Protein chains: 2
Amino acid sequence: MTRMTARPENVHQAQLLRLLRDDGPRSRAELGDVVRLSRSKLAVETDRLVELGLIEPAGLAASRGGRRSSIVRLSRHLRVVGIDVGATSIDVAVMNGELEILGHLAMPCNVRDGPDIVLDRALDLLGKLRGQGLVDEIHGAGIGVPGPVSFREGVPVVPPIMPGWDRFPVREVISQRLGCPVLVDNDVNIMALGELHAGLARSVEDFLLLKIGTGVGCGIVVDGKVYRGMTGSAGDIGHIQVDDEGPTCVCGNVGCLEATFSGAALARDATAVARSGRSPFLAERLEQTGEVTARDVAAAVAAGDPEALRMVREGGRRVGHVLAGLISFFNPGLVVIAGGVAGLGHILLAEIRSVVYRRSPPLATGNLPIVLSELNDTAGVIGATRLISDHIFAATQDIP
Amino acid sequence: MTRMTARPENVHQAQLLRLLRDDGPRSRAELGDVVRLSRSKLAVETDRLVELGLIEPAGLAASRGGRRSSIVRLSRHLRVVGIDVGATSIDVAVMNGELEILGHLAMPCNVRDGPDIVLDRALDLLGKLRGQGLVDEIHGAGIGVPGPVSFREGVPVVPPIMPGWDRFPVREVISQRLGCPVLVDNDVNIMALGELHAGLARSVEDFLLLKIGTGVGCGIVVDGKVYRGMTGSAGDIGHIQVDDEGPTCVCGNVGCLEATFSGAALARDATAVARSGRSPFLAERLEQTGEVTARDVAAAVAAGDPEALRMVREGGRRVGHVLAGLISFFNPGLVVIAGGVAGLGHILLAEIRSVVYRRSPPLATGNLPIVLSELNDTAGVIGATRLISDHIFAATQDIP
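- In the nomenclature of an unreviewed UniProt entry, chain A corresponds to Glucokinase-like ROK family protein from the organism Actinoallomurus bryophytorum.
- In its Sequence similarities (unreviewed entry) section, the UniProt entry covering chain A states "Belongs to the ROK (NagC/XylR) family."

See below:
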């Protein structure tokens, strides 16, 4: 077997690899229709990619009138790894070159245990996938973490819920352990990439991924690429003020979106409601388990509990107000809503939509879909592999 | 003289033209340091640009040790035109290839008079500049209008303050009249391009231009290019809600930013204050002229009138709240504040800054300058010529 640490040598090779990744096996004739290369130049580049071990022949295409064109596909040996570190869980998946999931394992894990423990567990999960014979050589790995990241340096930067991770060299450590290129980004950005690659945003150039989980964040995709902003904090919308007199936030300000509606805020409010006796359903949960979670609120909503419905509606209205402003500003082609609290489903969605369609300019909302993610737990790992795949399948030099 | 309807034939020529435009005359050796071309290929491309009449020799450079390298510059015959149609004025300017202003004329003109009258006046002003011998052939023109524009089609789309302009073929009409390529965009986007080309944003890739004039709008620059959004309405922030119980807006909603603070809102509030007798200064203006404008409020602020100060402070707080949210979301490298109301100057700026630095995440505001534009009335015409120059100086085919 050819060792496949190879990378594309020019923009044409990079384009061919991305085409084969996103659209699957193609005949040389079909590739020639898409890339702007002469027949002979195309042959040179595809032959070179075969030589590099990045693509391989896959039979002959049906005739288009003349000689049958040969089909090529990404090498069957290509493997990329996605690691999605959440606040309370880790997901690890192995993909082929087309970023199809070959294996996916998850386990509970508290990010507060620090980088040594958490990253070791991630590598243990990867070891199990290796044990299943899914992976030989790894060509790259993408990692998402639940906090701000300096993308250039591959380190978390003052992440509020990740004690011990500040400036920990995640990229360097994992790159050395796996012996392959690694990129690190925050969890919301990689979820957005997941939606771009395999979700409802597949054909959308400019969209927003609104994640409502324990916290609230937004992934921004411009022109098919994650927009990170000047210092990497773009999309950090959890602390936009939605209420002059709202609850005090962990950040020290008053009435932040995240302090008013998020998984954590919902659990807090639902606990208060349970204690007050206003919701027999939630009171029972509190008595049974000693706590009330956002998941319990979802169950209460499903059971038709009026207080739970009121909380979700009010929260949806808050989120809707912030989102309406972002849509006025950004005029996206799509908004995808994801994260644990998105599990509240269509009642939450209806409230968000209602505010947005009333408050954003008609020119911006005319054809704007606002939808719930359909990828669930796989958005993060898919996005993480897309991140590293875009990096591997890029020419080292953009102008040849 | 060579006729200069020529355009660059490939990405290298396009890059060379933009370098010479933005940095001025350069020796071939210096150009070779910047573009990634072999010495012989660079010579081929620059020779071809001379042949096309797009650049011309400009003497010899000082020796760098060997043979003296010859200097080239953009052709002295290149002329681009910028037309900035405002709500109540037109500005027309003629620039050389480097987008330096050779001549600039302005006149009052109500955009509500409709496209036939307004565009005729713009061409009259251009005729006067031609009469001064500043222009022979025009190589391109950029036009800004005070309303939403379909950039692709070059037509205004349901512009609220431009009756008669809806879907009027501005680009086509002017392109036929001038016999050159024309692009049309909204006024805030071209102001942002003006700041990018010649203002405080010159070296900033990602920034916001907040215009507070009769209305309120925002220009968004991502990666050195205007971001227009899915339907061209990106930056339309005037109708973000800032007050649940604020004044009713022309859009039919309640408490929009623009209805709460803008040139128009300030004039309305100042008139009310003048009538109530709470400000002797504004009452006197009202008596003298029969109306009170935002300009009068600025004069009252300068004279230390407490009611005027209160209005400006309150307005700054509203703008600051919206801007804080946009900064959390977009994490720009710079915010430039422009437009008539920005003439209120540092009192307004101080209030905006105070809210932003309190309400946006420290990671986003740490090194974020928020400044007043220094370009004044020239931002629009400079930006309009930058728009068309970027178009002319782009290769028709991006991958050669």
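Okay, back to it.
1. A closer look at the side chain of Asp84(B)
All names here are of chain B.
So, step 1. Examined against the element boundaries, Asp84 turns out to sit in strand β4 (residues 80-85).
So, step 2. Despite its burial, Asp84 remains without a salt bridge, the nearest opposite charge being carried by Lys211 at 6.7 Å.
So, step 3. Setting aside residues up to four positions removed in sequence, Asp84 forms contacts with Ser89, Ile90, Asp91, Gly144, Asp187, Ile190, Gly380 and Val381.

2. Here we look at the pairing of strand β11 (residues 207-212) of chain A
Here is the key point about a regular strand: its side chains alternate between the two faces of the sheet.
Residue and element names in this part refer to chain A.
So, step 1. Among the six residues that make up β11, six are buried, leaving the element largely enclosed by the rest of the structure.
So, step 2. Residues Phe207, Leu209 and Lys211 point to one face of β11 and Leu208, Leu210 and Ile212 to the other, with burial holding for every one of them.
So, step 3. Taking the residues between adjacent antiparallel strands as the criterion, β11 and strand β12 (residues 216-222) are bridged by three residues.

3. So, the interface of chain A and chain B
So, step 1. Taken together, the contact between chain A and chain B spans 44 residues of the former and 44 residues of the latter.
So, step 2. Across the interface of chain A and chain B, roughly 3,800 Å² is buried in total on both sides, 57% from carbon and sulfur atoms.
So, step 3. Together, Phe329(A), Arg359(A) and Leu363(A) form the three largest contributors to the area buried by chain A at its contact with chain B, with a combined 22%.
So, step 4. Joining chain A to chain B, the criterion identifies zero salt bridges.
So, step 5. Linking chain A to chain B there are 23 residue pairs in polar contact (both at pLDDT 80 or more).
So, step 6. For the side of chain A that touches chain B, the secondary-structure elements that each account for two or more residues are β12, α11 (306-330), α12 (346-359) and α13 (362-365) of chain A.
So, step 7. The dominant element in the side of chain A that touches chain B, judged by the number of residues it contributes, is α11(A), at six residues.
So, step 8. Among the residues making up the side of chain A that touches chain B, the classes are represented as 22 nonpolar, 15 polar and seven charged.

4. Observations regarding the sheet that holds strand β1 (residues 26-27) of chain A
All names here are of chain A.
So, step 1. The strand order β1-β3-β2 describes an open sheet built from three strands, whose pairing is antiparallel. Of all strands in the sheet, those with a lone pairing partner are β1 and β2 (55-60), marking the two edges.
So, step 2. Summarising the sheet, β2 and strand β3 (residues 70-74) pair through four bridges and their orientation is antiparallel. Looking at β3, one finds that Glu56 is bridged to Arg73.

5. Considerations on the packing of helix α1 (residues 11-23) of chain A against helix α3 (residues 39-51) of chain A
Between two packed helices, the angle of one axis relative to the other and the distance separating the axes together describe the packing.
Residue and element names in this part refer to chain A.
So, step 1. Axis separation between α1 and α3 bottoms out at 10 Å; the angle between their running directions is 70°. Judged on the interaxial angle alone, α3 and α1 are roughly perpendicular. As for how α1 packs across α3, the hand of that crossing is right-handed. When α1 is examined against α3, the residues His12, Gln13, Leu16 and Leu17 are found in contact with a partner set consisting of Leu42, Glu45, Thr46, Arg48 and Leu49.
So, step 2. Classifying every residue of the contact of α1 with α3 gives four nonpolar, three polar and two charged.

6. Things to note about the packing of aromatic side chains
So, step 1. Considering all chains together, one arrives at five aromatic pairs over all chains under this definition.
So, step 2. Between Phe329(A) and Phe329(B), the aromatic rings sit 6.0 Å apart at their centres with planes inclined by 90°, giving edge-to-face as the arrangement. One end of the pair, Phe329(A), is in helix α11; the other, Phe329(B), is in helix α11 (residues 306-330), on a second chain.
So, step 3. Both rings, one in Phe330(A) and one in Tyr227(B), keep their centres 4.7 Å apart while their planes meet at 15°; by these two values the pair is stacked. With Phe330(A) in helix α11 and Tyr227(B) in the loop between β13 (225-226) and α7 (257-260), the pair connects residues from two separate chains.
So, step 4. Owing to a relative accessible area of 6%, Tyr227(B) belongs among the buried residues under this scheme.
So, step 5. Arg228(A) extends its terminal NZ or CZ atom over the ring of Phe151(A), reaching a point 3.5 Å from the ring centre.

7. Let's talk about the relation of the copies chain A and chain B
So, step 1. When chain A is brought onto chain B, the operation consists of a screw motion whose angular component is 180° and whose axial shift is 0.0 Å, with 0.0 Å RMSD remaining. Given the turn and translation reported, the copies of this chain are related as if by a two-fold rotation axis. Closest to the rotation axis within chain A is the C-alpha of Leu326(A), separated from it by 3.8 Å.
So, step 2. Most of the interface of chain A is mirrored in chain B, where 100% of its interface residues again form contacts.

8. A word on the sheet that holds strand β7 (residues 140-145) of chain A
Residues and elements named next belong to chain A.
So, step 1. Sheet architecture is open: five strands sit in the order β6-β5-β4-β7-β10, paired in mixed fashion. Looking along the sheet, the strands with just one partner apiece sit at the ends: β6 (101-108) and β10 (182-186). Recorded for the sheet is a direction-independent mean angle of 15° between the axes of neighbouring strands.
So, step 2. By the bridge criterion, seven bridges tie strand β5 (residues 89-95) to β6 in an arrangement that is antiparallel. Residue pairing across strands places Val92 opposite Leu105, the latter belonging to β6.
So, step 3. Relative to the sheet, helix α5 (residues 170-178) contacts β7 and β10, its axis offset from that of β10 by approximately 145°.

9. Details of the pairing of strand β11 (residues 207-212) of chain B
All names here are of chain B.
So, step 1. Here six bridges tie β11 to strand β12 (residues 216-222), and the two strands are oriented antiparallel to one another. Within β12, the residue paired with Lys211 across the bridge is Gly217.
So, step 2. In this sheet, strand β14 (residues 335-338) lies alongside β11 in parallel orientation, the contact comprising four bridges. Its bridge partner being in β14, Leu208 is matched across the sheet by Val335.

10. So, the environment of Gly320(B)
Residues and elements named next belong to chain B.
So, step 1. Locating Gly320 in the fold gives a position in helix α11.
So, step 2. Distance in space between the C-alpha atoms of Gly320 and Ala350 is 9.7 Å, their sequence separation being 30 residues.
So, step 3. Apart from the residues within four sequence positions on either side, Gly320 is in contact with Ile352, Val355 and Val356.

11. Some remarks on the side chain of His239(B)
So, step 1. Of note, His239(B) is situated in the loop between β13 and α7.
So, step 2. Taking relative accessible area as the criterion, His239(B) reaches 17% and is therefore assigned buried.
So, step 3. If we ignore the near neighbours within four places in the chain, the residues touching His239(B) are Arg359(A), Cys249(B), Cys251(B), Cys256(B) and Glu258(B).

The rules behind each value
- Residues numbered from 1 in each chain as written.
- Chains lettered and ligands numbered in written order.
- Predicted model: local features only at pLDDT ≥ 70, side-chain atom pairs only at ≥ 80, totals over all residues.
- Heavy atoms only, no water.
- UniProt positions renumbered as here; feature names shortened; annotations may be inferred.
- Helix = DSSP H or I, 4+ residues; strand = E, 2+ residues; numbered from the N terminus.
- Buried < 20%, exposed > 50% of the residue type's maximum accessible area, 1.4 Å probe, protein only.
- Lys, Arg positive; Asp, Glu negative; His and termini not counted.
- Salt bridge = Lys/Arg side-chain N within 4 Å of Asp/Glu carboxyl O.
- Contact = heavy atoms within 4.5 Å.
- Pairing = 2+ DSSP bridges.
- Buried area = accessible area lost by both parts, 1.4 Å probe.
- Polar contact = N/O pair within 3.5 Å; in protein donor to acceptor, adjacent residues only side chain to side chain.
- Nonpolar A, V, L, I, M, F, W, Y, C, P; charged D, E, K, R; others polar.
- Axes fitted to C-alpha atoms, helices over the stretch in contact; angles between N-to-C directions.
- Parallel < 35°, antiparallel > 145°, perpendicular 65-115°, else oblique.
- Left-handed = near helix turned anticlockwise from the far one by under 90°.
- Phe/Tyr/Trp six-rings, centres within 6.5 Å; stacked < 30°, edge-to-face > 60°.
- Lys NZ or Arg CZ within 6 Å of the ring centre and 35° of its normal.
- Least-squares fit on C-alpha atoms with pLDDT ≥ 70 in both.

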